[in-house]
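Residue-level structure breakdown
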Amino acid sequence: MEKGVNLRSNALFIDLIGDLHRINSHIAAAAYPLTQAAGLLNTTRRRTSARSERSA
């Protein structure tokens, strides 16, 4: 009986994580055009290295 309860709670947890991922994707998809229109997006997500910052 305990194993059945654990399997159901694990399945519920996996479903919950999937649902949260889907919600996050919807929020990001809605927010992207707003942040782009406001000019808040960087042209790249890459960081400059400390070495290139010192040489500049």
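My aim in this report is to walk through the structure given alongside it, one point at a time. (Residues numbered from 1 in each chain as written. Predicted model: local features only at pLDDT ≥ 70, side-chain atom pairs only at ≥ 80, totals over all residues. Heavy atoms only, no water.)

Observations concerning the overall build of the protein chain
A count of helical and extended segments in the protein chain gives 2 helices and 0 strands. Relative to its 56 residues, the protein chain shows a buried fraction of 0%. (Helix = DSSP H or I, 4+ residues; strand = E, 2+ residues; numbered from the N terminus. Buried < 20%, exposed > 50% of the residue type's maximum accessible area, 1.4 Å probe, protein only.)

Brief notes about the pattern of salt bridges
Scanning the entire structure with this criterion turns up 1 salt bridge. Arg22 serves as the salt-bridge partner of Asp19, at 2.9 Å between the closest nitrogen and oxygen. With a gap of 3 residues between them, Asp19 and Arg22 both fall in helix α1 (residues 2–37), about one helical turn apart. (Salt bridge = Lys/Arg side-chain N within 4 Å of Asp/Glu carboxyl O.)

Let's talk about α1
Taking 1.5 Å as the rise per residue, α1 with 36 residues should run 52 Å; its terminal C-alpha atoms sit 53 Å apart, in good agreement. Directly after α1, the chain includes Gly39, whose backbone phi takes a positive value near 75 degrees. (Expected span 1.5 Å × (residues − 1).)

A closer look at a nonpolar patch on the surface
On the surface, Phe13, Ile14, Leu16, Ile17, Leu20, Ile23 and Ile27 cluster together to form a nonpolar patch covering roughly 700 Å² of accessible area. Secondary-structure assignment places Phe13 in helix α1. Of the residues examined, Phe13 reaches a relative accessible area of 52% and is grouped as exposed. (Patch = residues over 30% accessible without salt bridge, like charges linked within 9 Å, V, L, I, M, F, W, Y side chains within 5 Å. Areas by Shrake-Rupley, 256 points an atom, 1.4 Å probe, with all protein chains shown as cover.)

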